[in-house]
Amino acid sequence: MTKIKDASVALTLFEEAASKHAEATEQGDYKTGNKCYAVIAKAITFLKEQNEIQKLSEFLNHNSVGVRLWAATYLLPVLESEGIRILEQIAGATGIHSFTAKTTLSEWRKGNLKL
């Protein structure tokens, strides 16, 4: 995997992995999904360590539902209203990502998510 040296690299890796993760989820390809999640987690860790997690906000209107979903989720602690708004939009649709968004919102509101 590419070594993350700055936020722009982290954001690019996040965007690509989140999009591929969504596709893998839709296809039931858990192996690819797990690999993509590892990249997402690495990018998120870097952005948090650099205090740049808010830069995920540039993805809240992304074409990929996966990118929007992951960005909104990780923005909940710093831009809660924005994250909730996007997750509610996704939750209003149909399919697996809608279920994920509903579950994420429910667990966030219960205080069970530690992001």
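One can find the structure itself at the top, above this paragraph.
Attention in this report is confined to the structure presented alongside it. Every chain is numbered on its own, with residues counted from 1 as its sequence reads. In keeping with the model being predicted, local features are shown solely for residues with a pLDDT of at least 70 and side-chain atom pairs are shown and tallied solely at 80 or more, while totals for entire chains, interfaces and linings include all residues. Water and hydrogen atoms play no part in the side-chain values, which are based on all heavy atoms of the structure.

Thoughts on the nonpolar core
Going by this rule: Put simply, a nonpolar core is a bunch of buried Ala, Val, Leu, Ile, Met, Phe, Trp, Tyr and Cys residues held in one set by side-chain atoms that sit within 4.5 Å of each other. Exposed residues in this analysis have more than 50% of their type's maximum accessible area, buried residues have under 20%, and partly exposed residues fall in between, with area computed by a 1.4 Å probe over protein chains only. Secondary structure is summarised from DSSP: a helix means a run of H or I of at least four residues, a strand means a run of E of at least two, and numbering begins at the N terminus for each. In this analysis, two residues are considered to be in contact whenever any of their non-hydrogen atoms come within 4.5 Å of each other.
One finds Phe-14, Ile-40, Ile-44, Leu-47, Leu-56, Phe-59 and Leu-87 to be the most contacted residues of the largest nonpolar core, which totals 35 residues. Elements represented by at least two residues in this core include exactly α1 (7-27), α2 (30-49), α3 (65-75), α4 (80-91) and α5 (96-110). Excluding anything up to four places from it in sequence, Ile-44 contacts Phe-14, Ile-53, Leu-56 and Tyr-74.

Side note on α1
To keep it simple, the criterion reads: To estimate how far a helix should extend, the number of its residues minus one is multiplied by 1.5 Å.
For α1, built from 21 residues, the straight-helix expectation of 30 Å at 1.5 Å per residue is met to within 8% by its first-to-last C-alpha distance of 30 Å. Three or more residues of α1 are buried, namely Ala-7, Ala-10, Leu-11, Leu-13, Phe-14, Ala-17, Ala-18, Ser-19, His-21, Ala-22 and Ala-24. Its buried side turned inward, α1 meets α2, α3 and α5.

Some thoughts on the packing of α4 against α5
Stated formally: Helix axes use the C-alpha atoms of the stretch in contact, all axes being lines fitted to C-alpha atoms, and the angles between their N-to-C directions lie in the range 0 to 180 degrees. In a left-handed crossing the near helix is turned counterclockwise from the far helix by less than a right angle, and in a right-handed crossing that turn is clockwise. Each residue gets one label: Ala, Val, Leu, Ile, Met, Phe, Trp, Tyr, Cys and Pro are nonpolar, Asp, Glu, Lys and Arg are charged, and the others, such as Gly, are polar.
Relative to each other, α4 and α5 sit at 145°, their axes nearing to 7 Å. Crossing handedness for the pair α4 and α5: left-handed. On α5, the residues that touch Glu-80, Ile-84, Leu-87, Glu-88, Ile-90 and Ala-91 of α4 are His-97, Ser-98, Ala-101, Lys-102, Thr-104, Leu-105, Trp-108 and Arg-109. Within the contact of α4 with α5, the residues separate by chemical class into seven nonpolar, three polar and four charged.

Some details on the environment of Leu-47
Relative to the assigned elements, Leu-47 resides in helix α2. The spacing of Leu-47 and Ser-8 is 39 residues in sequence and 9.7 Å in space, taken between C-alpha atoms. Once residues within four sequence positions are removed from consideration, Leu-47 is found in contact with Ala-7, Ala-10, Leu-11, Glu-52, Ile-53 and Leu-56.

Considering the packing of α1 against α3
Here is the rule we go by: If an angle is under 35 degrees, it is roughly parallel; if it is over 145, roughly antiparallel; if it lies from 65 to 115, roughly perpendicular; otherwise it is oblique.
Axis separation between α1 and α3 bottoms out at 7 Å; the angle between their running directions is 115°. Considered as vectors, α1 and α3 are oriented roughly perpendicular to each other. By crossing handedness, the relation of α1 to α3 is classed as right-handed. The residues of α3 that touch α1, namely those facing Phe-14, Glu-15, Ala-18, Ser-19, His-21, Ala-22 and Glu-26, are Val-65, Gly-66, Val-67, Trp-70 and Ala-71. Of the residues contributing to the contact of α1 with α3, the split by class is seven nonpolar, three polar and two charged.

Focus on α3
One full turn of an α-helix is made of 3.6 residues, so residues set three or four places apart face in the same direction. Taking burial as the measure, the 11 residues of α3 include 10 buried ones, the bulk of the element. Of all the positions in α3, only Gly-66, Val-67, Arg-68, Leu-69, Trp-70, Ala-71, Ala-72, Thr-73, Tyr-74 and Leu-75 are classed as buried. Against α1, α2, α4 and α5 lie the buried residues of α3.

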